[in-house]
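# Fold and contact review
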Amino acid sequence: MVFIVILIICFLLQMVAPWWIMIVISFTTCGIIGKTGKIAFWQSFLAIFLLWIGYALFKSLPNDNVLASRVAIMTGIKLWWALLLVTGILSGLVAGISGFCGYQFRMAMLAKKTDEKIA
């Protein structure tokens with residue numbers, strides 16, 4: 001469920017919003033419906049990893065990977081597909097950490113609420 005929600009919302013919002021909207025969406029989604037920390041991290045990671053790789057391929061393949069190849073050479077990676085992989089992994093890590101933080105934030109708020117009831 002987390003995977004699908006993050007994938008759809010980020011797909012729609014990244015057309016009009018800046019790249020970092022994925023951080024807000026992952027944090028919020030995992031903070032609301034994340035079941036465990038492990039699920040929050042991996043579902044966020046995979047959703048954004050696949051979204052960014054897919055979108056990059058969608059934009060890169062029609063022009064024979066010219067821009068991706070040039071950027072890959074500029075960054076020292078040399079292969080356009082390796083650049084896409086590095087981009088996907090980095091964006092996935094950012095989203096995964098954000099999702100995990102959202103889940104932990106919810107757990108901290110729930111713990112604080114129960115501590116207030118006891119005191």
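Small disclaimer: the values here were computed from a predicted structure and weren't measured.

Reading the values: rules and limits
- Residues numbered from 1 in each chain as written.
- Predicted model: local features only at pLDDT ≥ 70, side-chain atom pairs only at ≥ 80, totals over all residues.
- Heavy atoms only, no water.
- Helix = DSSP H or I, 4+ residues; strand = E, 2+ residues; numbered from the N terminus.
- Buried < 20%, exposed > 50% of the residue type's maximum accessible area, 1.4 Å probe, protein only.
- Contact = heavy atoms within 4.5 Å.
- Areas by Shrake-Rupley, 256 points an atom, 1.4 Å probe, with all protein chains shown as cover.
- Phe/Tyr/Trp six-rings, centres within 6.5 Å; stacked < 30°, edge-to-face > 60°.
- Core = buried A, V, L, I, M, F, W, Y, C linked by side-chain atoms within 4.5 Å.
- UniProt positions renumbered as here; feature names shortened; annotations may be inferred.
- 1 Å grid on protein atoms, 1.4 Å probe; cavity = no way out; pocket = protein on both sides within 12 Å on 5 of 7 lines; lining within 4 Å.
- Points joined across faces, edges and corners; volume = space filled by probe spheres on them.
- Nonpolar A, V, L, I, M, F, W, Y, C, P; charged D, E, K, R; others polar.

So, about the overall build of the protein chain. The helix and strand inventory of the protein chain stands at five helices and zero strands. Seen in sequence order, the protein chain has helices and strands lined up from the N terminus as α-α-α-α-α. C-alpha extents for the protein chain along the principal axes are approximately 65 × 25 × 20 Å. Split into buried and exposed, the 119 residues of the protein chain put 32% on the buried side. The contacts of the protein chain with a sequence gap of at least 6 include a subset with a gap of at least 24, amounting to 73%. Only carbon and sulfur atoms are counted for the fraction: they give 77% of the accessible area of the protein chain, which is about 7600 Å².

Following the criterion strictly, the structure yields five aromatic pairs and no others. Both rings, one in Trp42 and one in Phe45, keep their centres 5.6 Å apart while their planes meet at 70°; by these two values the pair is edge-to-face. Taken as a pair, Trp42 and Phe45 lie in helix α3 (residues 37-60) at a separation of three residues, close to a single helical turn. Take Phe45: its relative accessible area is 12%, and that puts it in the buried class. Connected via pairs of aromatic rings, a cluster forms that spans Phe41, Trp42, Phe45 and Phe49.

Residues Ile6, Cys10, Cys30 and Ile48 are the most contacted members of the largest nonpolar core, which totals 13 residues. Breaking this core down by element, the ones donating at least two residues are α1 (2-13), α2 (21-33), α3 and α5 (80-118). Those residues in contact with Ile6, other than ones at most four positions away along the chain, are Ile25, Ser26, Thr29, Cys30, Ser44, Ala47 and Ile48.

Another aspect to go through is the UniProt feature "transmembrane region" (unreviewed entry) in the protein chain. The positions UniProt marks with the feature "transmembrane region" (unreviewed entry) are residues 6-27, 39-58 and 78-103. Helix makes up 100% of residues 39-58 and strand 0%. Its end C-alpha atoms lie 28 Å apart. As annotated, residues 78-103 comprises 92% helix and 0% strand, and the C-alpha atoms at either end are separated by 38 Å.

Turning next to unusual backbone geometry. Phi at Asn65 is positive, roughly 60°, even though this residue is not glycine. Position of Asn65 among the secondary structure elements: in the loop between α3 and α4 (66-75). One non-glycine residue, Lys78, adopts positive backbone phi at about 80°.

Another point: the environment of Ala72. You can see Ala72 is positioned in helix α4. In sequence terms Ala72 and Leu84 are twelve residues apart; their C-alpha atoms lie 8.8 Å from each other.

Looking now at the layout of surface pockets. Taken as a whole, the largest pocket holds about 280 Å³ of empty space. Surrounding the largest pocket, 14 residues form its lining, Gln14, Leu51, Trp52, Tyr55 and Ala56 being those nearest its centre. Elements represented by at least two residues in the lining of the largest pocket include exactly α1, α3 and α5. In terms of residues, the lining of the largest pocket owes the most to one element, α3, which gives six residues. Residues belonging to the lining of the largest pocket are distributed by class as follows: ten nonpolar, three polar and one charged. The space that makes up the second largest pocket amounts to roughly 160 Å³. Looking at the second largest pocket, the residues that line it are Ala56, Lys59, Ser60, Asn63, Leu67, Ala68, Val71, Leu83 and Leu84. Only α3, α4 and α5 provide two or more residues apiece to the lining of the second largest pocket.

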